[in-house]
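What the coordinates show
One-letter residues, chain by chain:
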Amino acid sequence: MEFSIATCAKIDQVGMVKQAEGLGVTHFGVGEGPLLFSDPYAFLALAAKDTSTINIGTMVTNPLTRIAPVTANSIATINSLAPGRTFMGIGTANNALRSMGSRTATIGELMHTIEVTDALLKEERVVHRWMGDEKEVQFLDTESGWYNTKNPVPIWVACGGPKGLKAAAAVADAIVYCLGPNADMIKLIRSELDKAVAEAGRPAGSVKLVGLSWFYELRDGETWEDGVTQGFGSGPISSCLTNVGLMNEHRDALGGRLVDASTQAAMAYLGDPNDPNPPHYLDVWAKYLRGLDPVHLPLITKELVDYWCLYGHPGELREKVALMKESGVDIPMVFLSNPFTAERDINDIGNSILAHA
């Protein structure tokens with residue numbers, strides 16, 4: 001079974017990629033946050049040399065912190081170290097830009113970066129828009145071993161809204177979407193994706209759906225609250241942040257109560273836009289993906305945890321993964337939102353889920 005793990009790049013924990021590979025994980029991605037995490041490409045370079053079969057890549061990079069030729073070079077360099085098992089995850093950004101007080105990328109900026117990066121990786125000459133100008137760019141020496149443009153690099157696009165999903169369906173090899181073990185939400189996204197793929201004139205089933213969830217395996221006597229405090233912490237709020245736009249367009253199908261709860265959690269996390277004294281953006285993001293920020297505990301209800309998180313005892317975990325796949329997810333993905341418990345969680349995923357696949 002294809003199964004992916006993603007987490008923030010923490011350079012002293014590169015060994016967890018080899019750990020995941022040994023347990024049967026097929027893909028491992030690391031996030032990019034210049035003020036938050038270690039550099040993802042340094043992490044991936046070390047992981048590439050330490051592994052032999054697992055697919056590795058960014059989860060995710062974005063169009064603004066690195067321009068397209070730089071991203072193409074970076075991912076092609078990793079492709080030299082892990083030929084044929086490198087992928088590029090990219091999106092408009094959430095933490096990477098907001099934690100710097102900057103806006104996220106537009107859909108147009110994302111699509112242009114994907115177009116240019118993909119063309120460069122295919123050894124093509126392409127027009128790159130940058131600093132108000134348009135210039136042709138091309139890798140200038142693809143034969144001397146500087147980077148690998150011979151092995152294809154699949155493009156995974158992280159989406160969180162209807163416009164992004166439609167645009168990405170025309171170019172991506174896989175769509176990454178925050179999805180818990182909820183059949184209604186998965187079927188909705190699967191339907192929207194399949195429709196967008198057809199409208200783009202691409203073959204049915206040509207774009208995989210990667211369902212990103214937050215993970216915790218319950219021990220005897222533990223409840224969902226322990227999943228929050230001991231496991232995924234503030235992670236579920238990220239699903240709310242990236243999903244509220246599409247969810248509000250489908251209130252009738254998903255239920256107003258859940259849509260409102262997700263919207264309220266997202267807005268409470270970012271701060272009230274009408275607040276005359278909003279919190280500083282550096283303070284807002286200071287504890288992002290470091291487990292539980294106690295300030296967020298009142299926002300994380302059982303309803304949100306059930307909707308966005310892959311948690312439970314081993315048998316329940318396997319049932320939930322099976323439900324996700326039956327409902328339309330091609331590759332289940334767990335994002336480990338607490339790097340300090342990553343080794344434990346990876347072992348739990350391998351022993352409780354993948355060992356029985």
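Residues numbered from 1 in each chain as written. Predicted model: local features only at pLDDT ≥ 70, side-chain atom pairs only at ≥ 80, totals over all residues. Heavy atoms only, no water.

Turning to the state of the cysteines, a few remarks are in order. In total, this model carries 0 disulfides according to the counting rule given. Here Cys240 is not cross-linked by a disulfide; its sulfur's nearest cysteine counterpart is in Cys309, at 9.1 Å. (Disulfide = S-S within 2.5 Å.)

What follows covers helix α9 (residues 235-249). A maximum bend of about 60 degrees is found in α9 at Asn243. Within α9, 11 of the 15 residues are buried, which leaves it mostly tucked inside the rest of the structure. By the burial criterion, the buried members of α9 are Gly235, Pro236, Ile237, Ser238, Ser239, Cys240, Leu241, Asn243, Val244, Leu246 and Met247. (Bend = angle between axes of the 7 residues up to and from the residue. Helix = DSSP H or I, 4+ residues; strand = E, 2+ residues; numbered from the N terminus. Buried < 20%, exposed > 50% of the residue type's maximum accessible area, 1.4 Å probe, protein only.)

With respect to the element layout, Ser52 can be found in the loop between α2 (40-50) and β3 (55-61). Along the primary structure Ser52 and Trp156 are separated by 104 residues, whereas in three dimensions their C-alpha atoms are 21 Å apart. Setting aside residues up to four positions removed in sequence, Ser52 forms contacts with Glu21 and Arg85. (Contact = heavy atoms within 4.5 Å.)

For the rest of this paragraph, the subject is the pattern of salt bridges. Taken as a whole and judged by the stated rule, the model has 19 salt bridges. The partner of Arg125 in a salt bridge is Glu136, with the nearest N and O atoms 3.6 Å apart. Taken together, the residues span a long stretch of sequence, with Arg125 in the loop between α5 (107-121) and β5 (126-130) and Glu136 in strand β6 (residues 133-137) at a distance of 11 residues. For the residue pair Arg125 and Glu136, the accessibility class agrees, reading exposed in each case. Each member of the salt-bridge network shares a partner with another, and the members are Glu32, Asp39 and Arg66. (Salt bridge = Lys/Arg side-chain N within 4 Å of Asp/Glu carboxyl O.)

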